Amino acid sequence: MKNIYRLLFGRFFWIRFSKQLKYKGTWKKGLFHGKGKLEYSIGSTYTGEFFEGSKNGRGHYISSEGYEYVGDWVGGKQTGQAQVNYKNGNLYKGNLRDGLRHGQGELFQVCSN
């Protein structure tokens, strides 16, 4: 049944994959492909580009805990140029590889008095 919905309504309609995940966006061969939005049951969201079912290209992820990532994705991982806003108010602008700060970048820390 999900495949029928994907073929008929895969663009601009919400499809619930499980209790934890729903998707709205474009498809190719039954996979997320192009631009779309994922919503997780815990309150996190991802809006951006997909390639053959994985987050790939530019994307914006907001976690339910207050972490925010705006930047590049490769094969479903946070890799490339990005801006990261941490829950504690710190900000990082620079390169990441597999979700970790890597190479050149700037970390701005909130000073607490």
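These numbers come from a predicted model, not from an experiment.

K.L.:
Just to check I follow, could you spell out the pattern of salt bridges for this structure?
P.N.:
Close approach of charged atoms lets side chains of opposite charge pair. The final tally for this structure, using the stated rule, is 3 salt bridges. With a shortest N-O distance of 3.8 Å, Glu 39 and Lys 37 are connected by a salt bridge. Here Glu 39 falls in the partly exposed class, since its relative accessible area comes to 23%. For Lys 37, a relative accessible area of 29% puts it in the partly exposed group. Between Asp 72 and Arg 58 there is a salt bridge, and its shortest N-O distance comes to 3.2 Å. Placement of Asp 72 in strand E6 (residues 68-74) and of Arg 58 in strand E5 (residues 54-62) is noted, with a sequence separation of 14 residues between them. Residue classification places Asp 72 among the partly exposed residues on the basis of a relative accessible area of 23%. Taking relative accessible area as the criterion, Arg 58 reaches 42% and is therefore assigned partly exposed.

Definitions and limits used
Residues numbered from 1 in each chain as written. Predicted model: local features only at pLDDT ≥ 70, side-chain atom pairs only at ≥ 80, totals over all residues. Heavy atoms only, no water. Salt bridge = Lys/Arg side-chain N within 4 Å of Asp/Glu carboxyl O. Buried < 20%, exposed > 50% of the residue type's maximum accessible area, 1.4 Å probe, protein only. Helix = DSSP H or I, 4+ residues; strand = E, 2+ residues; numbered from the N terminus.

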